[in-house]
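Letter by letter, the chains look like this.
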Amino acid sequence: MNTSEPSTERPPAGPPAPAFRGMPSVHELIECAELAECRTRIPRGEIVSAARTVLSEYRRQVAGDSATIGGGHLPPVPNRDEFARQVIERLRRTERPRLRRVINASGVILHTGLGRAPLAQAAIDSLAEIGRNYASVELDLDSGERGKRTHIVRELLCKLTGAESATIVNNNAAATLIVLAATATGRSVLVSRGELIEIGGSFRLPEIMEVSGSRLREVGTTNKTRISDYSNAIDDSVAALMKVHTSNFKVVGFTESVTIPDLVRLGRERGLPVIDDIGSGALVDFSQFGFSDEPVASASIAAGADLVLFSGDKLVGGPQAGIIVGRREWIDRIEKHPLMRAFRVDKLTLAALQATLRIYRDPARALEIIPILAMIREPISELRERASRFATACQTLTGVAEAILADDTTYLGGGSLPTQGISTVTVRIRATGQSETEFGRRLRLGDPAVVARVQDGVVIFDLRTVFPGQLGELVAAIQSALL
Ligand SMILES: *Cc1c(COP(=O)(O)O)cnc(C)c1O
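Residues numbered from 1 in each chain as written. Predicted model: local features only at pLDDT ≥ 70, side-chain atom pairs only at ≥ 80, totals over all residues. Heavy atoms only, no water.

Structural notes on the packing of aromatic side chains
For any pair of aromatic rings, geometry is given as the distance between the ring centres together with the angle between the planes. Selection rule: Pairs were defined over the aromatic rings of Phe, Tyr and Trp, the Trp ring being its six-membered one, requiring ring centres within 6.5 Å. Orientation was assigned from the angle between planes: stacked under 30 degrees, edge-to-face over 60, tilted for the rest.
Scanning the entire structure with this criterion turns up 5 aromatic pairs. Three or more aromatic residues joined by ring pairs make a cluster, and in this case those are Phe286, Phe289 and Phe291.

So this is what it looks like as structure tokens:
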């Protein structure tokens, strides 16, 4: 088509050319002084793309405006500085990494969406040192011979749990899978009907069993399972007895379940290993903090369980890992299984886990310096004092209608019991001229990102999960979200 020919149709709706006169070109924009700082750290392609988007968004907006209000009344074209400001703002949003640090004001201590346990300083230092350097991952420095990477934490785990041997994989789901595959492929495992759990939407015990090649044999009923239910179900196809901690739910009323000592007695009698998936895996007794239902790894080993499995990033307060402790013959068999290679941990997991476990050699020290344990132990009086200072600071901010203290509950989270909480004091902030949803959204998009509870017209901040050193930053983040 010859474009110079006068068209008989109306020209497409849009402003006359002068509406765009004075707009900077992409080149002028990306080379301008305002973007000098961006040019030093952001790849040029990203800046070009942001500038193109800003200019074309402006053109589209003007086209829309002129269609409704007429070309003659359009506002003047913004100057280059204004376009540059928009490019910087756009880069600020699009250039940010997807994985960013978050201030957790949700009050959920082990928030899977926020990466579960924040690490202790010693673990962070070790991550940096081992990450930066080569390390003795599979080299035994004594003999100069090849070593096993899992042996790095084996001795520590044995000391801390009283087990004969230990190994690790990437998470507790992997631990469950490899334990079942190594002990019961092609055979059956007895599990109580009341313990067929789903955790976090993707860990479903029956599905893990199916993938492992073992057969699930359910015994008992949802609320009551007796030792006779297990013993009556044992036949030649049964390879193991398994107990699973019902981490995130509780059956109340007329209930009965079988204890590890009972299962161990039966297992010994019939020559079957007892597997105990304790889930959260405390290395210290949590009943001292008021949590009566959190199994301690050493207690399960002492009761005679052959294999005990738990997560590294739940109540241990370390990196994501699946920890398996128990009898040497079973651990050896697990370490020889081909899945071990697929579930192999890297040097960073080993570094952070080793450093975390070393802290537990002095349990009193662990209570002080493992972040999640310190959070759980913070006395309500201190928390109230912190919350009160925080509320006072927030009351003076622009855009805050009210900031009031309220007694509330902190949950362990991360697949632990929702009925077990710790008392806490929260600050409930109502914004002027902004819904709680919008306020919550702006907090998430801020720098640093803040995650708090959004409900009933307010945003609720639980300081139990906010580090004392983050308080000033949190107040500043709230102010930016409200401006
Ligand atoms: C959390 C949990 C798991 C899954 O552990 P991940 O480390 O998240 O893979 C398995 N079993 C129990 C009982 C749990 O509580």
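The discussion continues.
With respect to the pattern of salt bridges
The line we're drawing: Think of a salt bridge as a Lys or Arg side-chain nitrogen and an Asp or Glu carboxyl oxygen that are within 4 Å of each other. We count a stretch as a helix when DSSP gives it H or I for four or more residues in a row; a strand needs E for two or more, and each element gets its number in order from the N terminus. A simple rule labels every residue: compare its accessible area, found with a 1.4 Å probe on the protein chains alone, to the largest value its type can have, and call it buried under 20%, exposed over 50%, or partly exposed in between.
Under the counting rule described, the total for this entry stands at 25 salt bridges. Measuring nitrogen to oxygen at the nearest pair gives 3.5 Å for the salt bridge that ties glutamate 89 to arginine 92. On the criterion of helical spacing, the pair formed by glutamate 89 and arginine 92 is a turn pair, its members being 3 residues apart in helix α4 (residues 80-94). For glutamate 89, a relative accessible area of 28% translates into the label partly exposed. One salt bridge in this structure joins glutamate 438 and arginine 441, with 3.2 Å as the shortest N-O distance. Residue glutamate 438 and its partner arginine 441 are located together in helix α18 (residues 436-445), separated by 3 residues, close to a single helical turn. Given the relative accessible area of 24%, glutamate 438 is considered partly exposed.

Examining the pairing of strand β11 (residues 322-326)
Put simply, the test is: Each pair of strands is called paired provided DSSP finds at least two bridges between the two strands.
Of all 5 residues making up β11, 5 are buried, and the element is well covered by its neighbours. Neither face of β11 is open: one carries Gly322, Ile324 and Gly326, the other Ile323 and Val325, and all of them are buried. With 5 bridges connecting them, strand β3 (residues 165-169) and β11 associate as antiparallel partners. Of the residues in β11, the one forming a bridge with serine 165 is glycine 326. Judged from the 5 bridges that link them, strand β10 (residues 307-311) and β11 form a sheet pairing that is antiparallel. Note that in β11 the partner of phenylalanine 310 across the bridge is isoleucine 323.

What about the nonpolar core?
Heads up, the rule is: As used here, the term nonpolar core means buried Ala, Val, Leu, Ile, Met, Phe, Trp, Tyr and Cys residues forming a set that is joined through side-chain atoms within 4.5 Å. Contacts were defined at the residue level, with two residues in contact if any of their heavy atoms lie within 4.5 Å.
By size, the foremost hydrophobic cluster in this structure holds 60 residues, and its most contacted members are Phe286, Phe310, Val325, Leu357, Tyr360 and Leu373. No other element matches the 5 residues that helix α6 (residues 151-161) contributes to this core. Aside from chain neighbours lying at most four places away, what touches tyrosine 360 is Leu160, Leu283, Val284, Leu315, Val316, Ala366, Ile370 and Leu373. Within the second largest apolar cluster, 30 residues are counted, among which are Ala184, Val191, Ala239 and Trp330.

Description of unusual backbone geometry
A negative phi angle characterises most non-glycine residues, just as the trans form characterises most peptide bonds. Geometrically, the link from aspartate 447 to proline 448 is a cis peptide bond, its omega value of 5° lying close to zero. Tracing the backbone through its elements, the reader meets proline 448 in the loop between α18 and β14 (449-451). Of note, the phi angle at arginine 116 is positive, near 55°, even though the residue is not glycine. Here arginine 116 lies in the loop between β2 (108-110) and α5 (121-132).

Concerning α4
Applied cut-off: Helix span is expected to be 1.5 Å times the residue number reduced by one. This arc corresponds to the set of directions leading from the helix axis out to the C-beta atoms.
The terminal C-alpha atoms of α4 lie 21 Å apart, and with 15 residues this matches the ideal 21 Å at 1.5 Å per residue to within 8%. Among the residues of α4, Phe83, Ala84, Val87 and Leu91 are the ones counted as buried. Within α4, the buried residues cover an arc of 100° as seen down the axis, which keeps them to one side.

As for the sheet that holds strand β12 (residues 400-413)
Condition: In this analysis an axis means a line fitted to C-alpha atoms, helices contributing only their contacting stretch, and an angle means the value between N-to-C directions, from 0 to 180 degrees.
Read across the sheet, 5 strands follow the order β2-β12-β13-β16-β15 without closing on themselves; strand pairing throughout is mixed. The sheet is open, and its two borders are formed by β2 and β15 (453-455), each paired with just one other strand. Taken over all neighbouring pairs, the strand axes of this sheet differ in orientation by 35° on average, direction set aside. The pairing of β12 with strand β13 (residues 421-431) spans 11 bridges and is classified as antiparallel. If you follow threonine 409 over to β13, its bridge partner there is serine 423. The strands touched by α18 are β13, β15 and β16 (458-462); relative to β16, the strand with the most contacts, the crossing angle is about 45°.

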